[in-house]
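Below are the chains, spelled out letter by letter.
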Amino acid sequence: MTENASAAEPLAADSAIAVVGMSGRFPGAPDLETYWENLLGGLCSVSDFTEEELIADGADPQEVRGRDHIPAKGHLADADRFDAELFGFNRTEAAALDPQHRLLLQTAWSALEDAGRSPLGGQARTGVYVGGGPTEHMLAAQTDPRLAASLGALQVRILTDREFLAPWISYRLGLEGPSLTVQTACSTSLTAVHLAVQSLLLGECDTALAGGVAVDTVRKRGYVHQQGGIYSPDGRCRPFDERAGGTVPGNGVGVVVLRRLSDALADNDPVRAVIRGSAVTNDGATKVGFTAPGVDQQTAAIVEAWAAAGLDPADAQYLEAHGTATALGDRIEAAAATAAFKGALGTGRIGIGSVKSNIGHLDAAAGVAALIKSVLMLEHATLVPNADAGRPHPELGFDDSPFHLVGRATDWPEPEHGPRRSGVSSVGIGGTNVHVVLEESPRRIDAGRPEAGGAPEVLLLSARTREDLAAVAGRLAGALRAPGAPSLADAAHTLRVGRAPLAVRGYVRAGNRAEAAELLAELASGGAVGLGGPDPLGEAWLAGEQVVREGAGRRVALPTYPFAGESHGAYRLVPVAPVAPGGEQPQPEPGGRSADLERDVRALIAEALGLEDADDPEMTYFAAGGDSLTAVHLVGCLRDDFDLDVPITLFLEQLTLHEMARRIVAARDGDDSLDALLSEFEAE
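Residues numbered from 1 in each chain as written. Predicted model: local features only at pLDDT ≥ 70, side-chain atom pairs only at ≥ 80, totals over all residues. Heavy atoms only, no water.

Q: Is there a simple way to explain the sheet that holds strand β1 (residues 17-25) in this structure?
A: What holds strands together in a sheet is hydrogen bonding between their backbones, with the strands either parallel or antiparallel. The eleven strands lie next to each other as β7-β6-β8-β10-β1-β11-β18-β17-β12-β13-β15, forming an open sheet whose pairing is mixed. At either margin of the open sheet sits one strand with a lone partner, and together these are β7 (179-181) and β15 (403-405). This sheet shows a mean twist of 25 degrees between the axes of neighbouring strands, independent of strand direction. With three bridges connecting them, β1 and strand β11 (residues 273-282) associate as antiparallel partners. Bridging from a neighbouring strand, V19 pairs with A273 of β11. Its contacts with the sheet place helix α13 (residues 295-308) against β11, β17 (421-427) and β18 (432-440), and it is angled at close to 145 degrees to β11. (Pairing = 2+ DSSP bridges. Helix = DSSP H or I, 4+ residues; strand = E, 2+ residues; numbered from the N terminus. Axes fitted to C-alpha atoms, helices over the stretch in contact; angles between N-to-C directions. Contact = heavy atoms within 4.5 Å.)

What follows is the structure, given as structure tokens:
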């Protein structure tokens, strides 16, 4: 950050939007620190798979061995892992929940923590604007009759369809602002950012989560190259390069937390960059085909976004382009950008690049991956290269344009006038074009302040498990030892106001960063959960009390929650089970003829809740993860499988599973019809 940044456009805070938090997982990068290291090194994180790997992961051997099969993809490792209990899902629900939902929930949590804001509750007027792509899991789950019989068709749809991506985040994190699932194909996540910006400027919310996810499958997969198609013939994406031959598919997820700049500065938020303007257009019918891009409206999106910022496109020093590396796409994008940035025509001073060279094309998450890359470049005042960059394609006319293709990592020089600025573009099949204007964060007067002396600080930590608490402590110790670490007072403040109070707790009391890091490392190694001397606030915290979670200080970026959930797999398309002799599917024996009806009812409830059994006499329905939708499903199963009519209100009581089964059997002569129960539920 520079002194110029604080001096430029003093009234911009009224119309500018601050990026106060970010989180993401991308090919080769489980976190943003690794993402930046990969970008800085110009690393291509597209994976090359062996034939054995692909077949072992379920790929069609005939396809894999085909002449045009390319065994490469921007693969997202461990995309099926999920900390289900932290988000209130039982095992059955977690297995049915689409991996995109799982990843987006965890990424939204981490992004809020990165912004120094608690991810659970207390986020009134927080909007959610996200989108995703189609998935193998969704298609398989929604067409599996066995899963529908186990969970209910409505519940399966709610757990798998991408239209529920935003509502699940709002529901599980307790966010009460607008909640929109966005879909504009490849430009989905940057369109979501634009909509979030507009919502903030209109006052519809005070904080917004925006981003996207794309995990078409959690399995290792290649793709089939077709002559004249959009995919690369060699498994590498080289945007604007003379060797460009097409794009490469990839998976990933990213979320940014946005606030009005004036609010962010007033609340001492960690402003990572500033969005000065954004715009969305569509090509309409002014292009050669539905899937083809168009020049005029791409140009219009760029010009309108910079006009909204009160700036000229020539004020940019970098453009993060959509950059699919297809012959038509690159040529049209270069022409559109050259027309928009005509104020710098012929100078070649604006760097251009595309993150698709590093991670492949992330479909619905492509735009947010590009935005996060640009924010990181502004933070580090460094331009990162296209992976394996060569010479620009001669047909793009870069020799007489505003652009030069960034081929190596270089310092981003301080502009002569104003702060560092960049544009980010995203283009969707169907013609939706988005452009966002980014600016480096304004310099804070107290940035880099030395650690002040005074009374010791208490760092409050919590997690779902003891193992997670150790990981939290260890990561925080590393952060406090790192160069440029925040002051201990700001770290303590952020932990108080910016973390959810979970069940397993610990604290350390220290007078400086070095002492705090040493005590945290001891806690991480299995030491006592209260270190550094007894403290009333810390002891109240350990006792589970609602300690005061306010106080003076700045919110600062600290390590986020170390999600370590188990693998929940993903559904894949399988042949429908054969029909039993006689043309009918085998049906379970009616409960009325069961030797032990109560036992069978408990088994049904256990299956619906994902329990290995329901023999624990103390386990209640709600503690096992039951909810109203599961109750509706169970009412239907009890009627169909056991000829039992049970009132849905039975599932709303605090009953153990044993007592619930006993009451269900006792209610075999009840007169509530399922249709009436469903009508009542829908009315609620």
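That shown, we press on.
Q: Please clarify how the side chain of T247 should be interpreted in this entry.
A: Among the secondary structure elements, T247 is positioned in the loop between β9 (223-224) and β10 (252-260). On the basis of relative accessibility, which here comes to 2%, the residue T247 falls in the buried class. Apart from the residues within four sequence positions on either side, T247 is in contact with Y223, I230, Y231, S232, C237, T324, T326, K356 and H361. (Buried < 20%, exposed > 50% of the residue type's maximum accessible area, 1.4 Å probe, protein only.)

Q: Would you mind going over the environment of A381 with me for this structure?
A: The topology assignment puts A381 in the loop between α16 (366-380) and β14 (382-383). Along the chain, A381 and R420 lie 39 residues apart, while their C-alpha atoms are 8.1 Å from each other. Those residues in contact with A381 that lie beyond four places of it in its chain are D411, W412 and R420.

Q: Looking at this model, I keep getting lost on the nonpolar core. Mind explaining?
A: For soluble globular proteins, nonpolar side chains are generally found buried alongside one another. Grouped together as the largest cluster of nonpolar side chains are 74 residues, with contacts concentrated most on F89, I169, L209, L459, L461, L480 and L520. Leave out the neighbours within four places in its chain, and L480 touches L459, A485, P486, L488, A491, R513, A516, A517 and L520. Judged by nonpolar contacts, the second largest core, of 48 residues, contains Y35, V182, A365 and L376. (Core = buried A, V, L, I, M, F, W, Y, C linked by side-chain atoms within 4.5 Å.)

Q: Explanation requested: the pairing of strand β20 (residues 504-510) in the structure shown.
A: Regular strands show a simple pattern: their side chains alternate between the two faces of the sheet. Counting buried residues in β20 gives five out of seven residues, a clear majority hidden from the surface. Pairing analysis gives seven bridges linking strand β19 (residues 457-463) to β20, with the strands arranged antiparallel. Counted as the bridge partner of E457 is A510 from β20. Bridging between β20 and strand β21 (residues 530-531) involves two bridges; their strand directions are parallel. Bridging across to β21, V508 finds its partner in L531.

On their own, these measurements won't tell you what the molecule is for.
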